[in-house]
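Residue-level listing of the chains:
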Amino acid sequence: MTPPDMLARVQIPPSVRRGEVFEIRVLLQHPMETGYRFDVLGSAVPKNVIHTLTVDYAGQRIFKAEMSTGISANPYLSFYTRATESADLQLAWSDDKGQKGQLAVPVVVA
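All values derive from a computational prediction rather than experimental measurement.

So, the pairing of strand β6 (residues 87–95)
Step number 1: For strand β3 (residues 50–57) and β6, the ladder comprises 7 bridges, and the chain directions are antiparallel. Within β6, the position partnered with Asp56 by the bridge is Gln90.
Step number 2: As paired elements, β6 and strand β7 (residues 100–107) share 8 bridges and run antiparallel to each other. When the bridges of β7 are listed, Gln90 appears paired with Ala104.
Step number 3: Where β6 folds back onto β7 in an antiparallel hairpin, the turn is made up of 4 residues, including Gly98, whose phi is positive at roughly 90 degrees.

Points about the packing of aromatic side chains
Within a pair of aromatic rings, the relevant descriptors are the distance that separates the centres and the angle that separates the planes.
Step number 1: With the rule as written, the count across this model stands at 1 aromatic pair.
Step number 2: Note on Phe63 and Phe79: the rings are 3.9 Å apart at their centroids and 5 degrees apart in plane angle, and the pair reads as stacked. Highlighted residues: Phe63 in strand β4 (residues 60–66) and Phe79 in strand β5 (residues 76–82), separated in sequence by 16 residues.
Step number 3: Of the residues examined, Phe79 reaches a relative accessible area of 6% and is grouped as buried.

Focus on the sheet that holds β3
Step number 1: With antiparallel pairing, 4 strands are arranged side by side in an open sheet as β4-β3-β6-β7. The open sheet terminates on both sides in strands that have one partner only, identified here as β4 and β7. The average undirected angle you get between the axes of adjacent strands in this sheet is 15 degrees.

Calculation criteria
- Residues numbered from 1 in each chain as written.
- Predicted model: local features only at pLDDT ≥ 70, side-chain atom pairs only at ≥ 80, totals over all residues.
- Heavy atoms only, no water.
- Pairing = 2+ DSSP bridges.
- Helix = DSSP H or I, 4+ residues; strand = E, 2+ residues; numbered from the N terminus.
- Phe/Tyr/Trp six-rings, centres within 6.5 Å; stacked < 30°, edge-to-face > 60°.
- Buried < 20%, exposed > 50% of the residue type's maximum accessible area, 1.4 Å probe, protein only.
- Axes fitted to C-alpha atoms, helices over the stretch in contact; angles between N-to-C directions.

Here it is in structure tokens:
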């Protein structure tokens, strides 16, 4: 189960034609702590960012992002792929604390 602070929202067209290039929009819910902030007591807030996001479609890796402290909280990513068949987009991501998130989104090819 994905932890509540590691949720994602994915937006794709409701259906696409075979061979059509379509956009995939991903919003990951995460505070993305840089390690440079201090709390009210003056203690450093430990670094904790999503460092890897992978997306597989029909058994093929179509996207991989390696992120660092330069990414804002709740990172938004957008990329394109070509529709080949009806299959799930499998998203997986992990942060510095070892928490992992995953989500499957169906792609409907008409």
